[in-house]
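For reference, the chains in residue letters:
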Amino acid sequence: MRVRRAPAFVAATVLALALGACGGGGNDTTSDTTVNKDVTFDAGTTMARLNKAGAVTVGTKFDQPLFGLKGLDGKPAGFDVEIAKIIAGELGIAPEKIRWLETPSKVREEKVEQGAVDYVVATYTINDKRRQRVTFAGPYYEAGQDLMVKKGNPKGIDGPQTLRAKRVRVCSVTGSTPGETIKKYVAPNQLVLFDVYSKCADALRTGQVNAVTTDNVILLGLVDANKGAFELVGKPFTKEPYGIGLKKGDVRFCEFINGVLRKAADDGRYRKAWESTAGRVAEETPELPELGPCS
Ligand code: GLU
């Protein structure tokens, strides 16, 4: 992932326009959402139930610019939100009929298990531990864990290996894979865990921590939203394949969603979803990764 660089004055103008247009909420998504009205599903499937209900509840993030950021209109915007809308559209459900539930990293599995959400699209890394509780469609994107520091990188942090010796205080989020992975590199008293990443960004701004660690694209959104305050170290050190979390064992729904992802990649909706959100800042448009098994 490379960062799209715009001259400072262009970036400032674009930001001003964006703020003017949407009151700073960031809901300037322009991708089109196709609602497929002619769908029929086998009785008894999740697809049939949701299609009949004409509404769906989706778990996503509310404080992650570019992926899931709640605007002043109360609705989230970002790449995850667009992926969720594409899936809903193929269930015959319009975007206005999606109920958005904030799902911070730690609560995603339990919200799926409780049936509080029909699916989760929330920068959600697929891994074996989570697979014990959740079935994952996808992956629809692959991120990598990175570090974000104050502009100018005053501590000279160039990767996780230097954190211990430099006595860096690092912030991440409970229930996240980066929050676990970073424990290998720092002493317990060097690590601060909050429930959401925006609190880590605040702690970095005020100097309570020296670095924030999570997926590079999440950090990229925070760098972009806090113009001039932060920078990315830019050396990802894990692989974080993003999946769509579903009730454990709902293989039919998982296969349906994988089919939707393939279709959206083929007809350009996947690309548009990226370009109207994270692609405004990230330079490369991803290809849909090879999809995994529905188990
Ligand atoms: N992708 C990582 C995870 O699922 C970090 C991002 C997040 O916390 O949502 O844990």
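Note that this is a predicted model, so its numbers are computed, not measured. (Residues numbered from 1 in each chain as written. Predicted model: local features only at pLDDT ≥ 70, side-chain atom pairs only at ≥ 80, totals over all residues. Heavy atoms only, no water.)

Counting its regular elements, the chain contains 10 helices and 13 strands. Considering only contacts in the chain between residues 6 or more positions apart, those separated by 24 or more positions represent 72%. A total of about 13,300 Å² of accessible surface is found on the chain, and carbon and sulfur atoms cover 51% of it. (Helix = DSSP H or I, 4+ residues; strand = E, 2+ residues; numbered from the N terminus. Contact = heavy atoms within 4.5 Å. Areas by Shrake-Rupley, 256 points an atom, 1.4 Å probe, with all protein chains shown as cover.)

Let us now look at the packing of aromatic side chains. Considering all chains together, one arrives at 16 aromatic pairs under this definition. Judged by centre distance (5.9 Å) and plane angle (80°), the ring pair of phenylalanine 67 and phenylalanine 79 falls under edge-to-face. Here phenylalanine 79 lies in helix 3 (residues 79-90) and phenylalanine 67 lies in the loop between strand 2 (63-64) and strand 3 (68-70), a separation of 12 residues in the sequence. Relative accessible area serves as the criterion here: at 0%, phenylalanine 79 is assigned to the buried category. With centroids separated by 5.9 Å and ring planes inclined at 75°, the aromatic side chains of tyrosine 185 and phenylalanine 237 adopt a geometry described as edge-to-face. (Phe/Tyr/Trp six-rings, centres within 6.5 Å; stacked < 30°, edge-to-face > 60°. Buried < 20%, exposed > 50% of the residue type's maximum accessible area, 1.4 Å probe, protein only.)

Moving on to the site of the ligand. The ligand sits among 16 residues. The nearest are Lys61, Ser105, Thr125, Tyr197 and Asp215. Between the ligand and serine 105, the relevant distance is 2.5 Å, taken from an oxygen atom to a side-chain nitrogen or oxygen of the residue. A distance of 2.6 Å separates an oxygen atom of the ligand from a polar side-chain atom of tyrosine 197. Broken down by class, the residue content of the shell around the ligand amounts to six nonpolar, six polar and four charged. (Near = heavy atom within 4 Å. Polar contact = N/O pair within 3.5 Å; in protein donor to acceptor, adjacent residues only side chain to side chain. Nonpolar A, V, L, I, M, F, W, Y, C, P; charged D, E, K, R; others polar.)

Another point: the nonpolar core. Core analysis: the biggest nonpolar cluster contains 62 residues, and Tyr119, Tyr140 and Ile244 have the highest contact counts within it. With near-sequence residues (within four places) excluded, tyrosine 119 lies in contact with Val56, Thr57, Val58, Gly59, Ala84, Ile87, Ala88, Leu91, Ile244, Gly245, Leu246 and Phe253. The next biggest cluster of nonpolar side chains, apart from the first, holds 11 residues, and it includes Leu163, Leu191, Ala211 and Val233. (Core = buried A, V, L, I, M, F, W, Y, C linked by side-chain atoms within 4.5 Å.)

Turning to the pattern of salt bridges, a few remarks are in order. In this structure the tally under the stated criterion is 14 salt bridges. Between arginine 133 and glutamate 113 there is a salt bridge; the shortest N-O distance is 2.8 Å. You can see arginine 133 sitting in the loop between helix 5 (128-131) and strand 7 (134-143) and its partner glutamate 113 sitting in helix 4 (residues 108-114), a full 20 residues away along the chain. Salt-bridge contacts for glutamate 180 lead to lysine 183; the nearest nitrogen and oxygen are separated by 2.9 Å. Classification of glutamate 180 as partly exposed rests on a relative accessible area of 49%. Judged by its relative accessible area of 42%, lysine 183 falls in the partly exposed class. (Salt bridge = Lys/Arg side-chain N within 4 Å of Asp/Glu carboxyl O.)

Turning to the sheet that holds strand 2, a few remarks are in order. Pairing in this open sheet of three strands is antiparallel, and the strands run 2-3-4 from one edge to the other. Pairing within the sheet leaves two strands with one partner each, and these edge strands are strand 2 and strand 4 (76-77). Sheet topology places strand 2 next to strand 3; two bridges connect them, and they run antiparallel. For glutamine 64, the partnering residue across the bridge sits in strand 3 and is glycine 68. (Pairing = 2+ DSSP bridges.)

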